[in-house]
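Structural characterization, general
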Amino acid sequence: MLVVGFPAGPLEANCYLLAPADGGECVIVDPGEDVLEPLEAALAAHGLTPVAMLATHGHPDHVASAAEVGARHGIPLYLDEADRPLVAGDAGEWKDGIVPLVDGPLRLAGLEITVSRTPGHTAGSVVFGLTSAEGGRIALTGDSLFAGSIGRSSGEDGELVRSLGTKVMTLPDDTVVLPGHGPATTIGQERAGNPFLAGTGV
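What counts, and at which threshold
- Residues numbered from 1 in each chain as written.
- Predicted model: local features only at pLDDT ≥ 70, side-chain atom pairs only at ≥ 80, totals over all residues.
- Heavy atoms only, no water.
- Salt bridge = Lys/Arg side-chain N within 4 Å of Asp/Glu carboxyl O.
- Helix = DSSP H or I, 4+ residues; strand = E, 2+ residues; numbered from the N terminus.
- Buried < 20%, exposed > 50% of the residue type's maximum accessible area, 1.4 Å probe, protein only.
- Axes fitted to C-alpha atoms, helices over the stretch in contact; angles between N-to-C directions.
- Parallel < 35°, antiparallel > 145°, perpendicular 65-115°, else oblique.
- Left-handed = near helix turned anticlockwise from the far one by under 90°.
- Contact = heavy atoms within 4.5 Å.
- Nonpolar A, V, L, I, M, F, W, Y, C, P; charged D, E, K, R; others polar.
- Pairing = 2+ DSSP bridges.

The next point concerns the pattern of salt bridges. Across all of its chains, the model carries 6 salt bridges by this definition. Among the ionic pairs, glutamate 40 bridges to arginine 72, the shortest N-O distance being 4.0 Å. A residue pair is termed long-range when its members are at least 10 positions apart, and glutamate 40 in helix H1 (residues 36-46) and arginine 72 in helix H3 (residues 66-73) qualify at 32 residues. The residue aspartate 80 makes a salt bridge to arginine 117 at a minimum N-O spacing of 2.6 Å. Placement of the pair is aspartate 80 in the loop between strand S5 (77-79) and strand S6 (98-100) and arginine 117 in strand S8 (residues 111-117), with a sequence separation of 37 residues. Classification of aspartate 80 as buried rests on a relative accessible area of 4%.

Printed below as a string of structure tokens:
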């Protein structure tokens, strides 16, 4: 599996490209602020054609360029319906291209992506899970889980930690975590050393 990631925008949110390999279809995860130039460069460098965009949640630093990218490539944005009100930008025809996300498998660009709803940071936050042909696992956690930290909770008290405990920290320790900001980590590293999860049983 090919994974290409880069930070963009004032808040350096991570945008990712996922594909089975170079030279085929891909999905774009979190097309946030100022991603257009580095995104187009990455697509060209790897010979990739995007077929869809996926949003871990609807905050602008993760979806601000979705309308522009969607119009340029003629592709929809997959977003949890609870976060649809957060999406800024073009309010016209392109917004009809938003596809609601639901828990379960999603097949795009030759990839099987598991969608897990993880409300807490926003009502519509989700985590995307994939397993490579070689057996490696990744989880794109958006702003729910970072290396050594977790996101701010905008929901009820404890909702984010409950989501992490039931949907994310149940993953195997060798799962590579690709967060919405900052460096990659693993589930095992966060289970052992994330101070925000200490004492929660996850």
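So, on to the packing of H1 against H3. Look at H1 against H3: their axes get within 11 Å of each other, and the N-to-C directions meet at 40 degrees. Considering the angle they form, H1 stands oblique to H3. Crossing of H1 over H3 shows right-handed handedness. Residues Leu36, Leu39, Glu40 and Leu43 of H1 form the contact with H3, whose participating residues are Glu68, Val69, Arg72 and His73. Here the residues of the contact of H1 with H3 sort into 4 nonpolar, 1 polar and 3 charged.

Looking now at the sheet that holds strand S1 (residues 2-8). Here we have 6 strands laid out as an open sheet, ordered S1-S2-S3-S4-S5-S6, and mixed in their pairing. Single-partner strands in this sheet number two, and they are S1 and S6. Taken pair by pair, the neighbouring strands of this sheet meet at an average axis angle of 25 degrees, ignoring direction. Where strand S3 (residues 25-29) meets strand S4 (residues 49-54), 5 bridges bridge the pair, whose relative direction is parallel. The residue bridging cysteine 26 from the neighbouring strand is proline 50, located in S4. Strands S1, strand S2 (13-19), S3 and S4 of the sheet are contacted by H1, whose axis makes an angle of about 160 degrees with S1. Those strands touched by H3 are S3, S4 and S5, and its axis lies near 150 degrees from that of S4.

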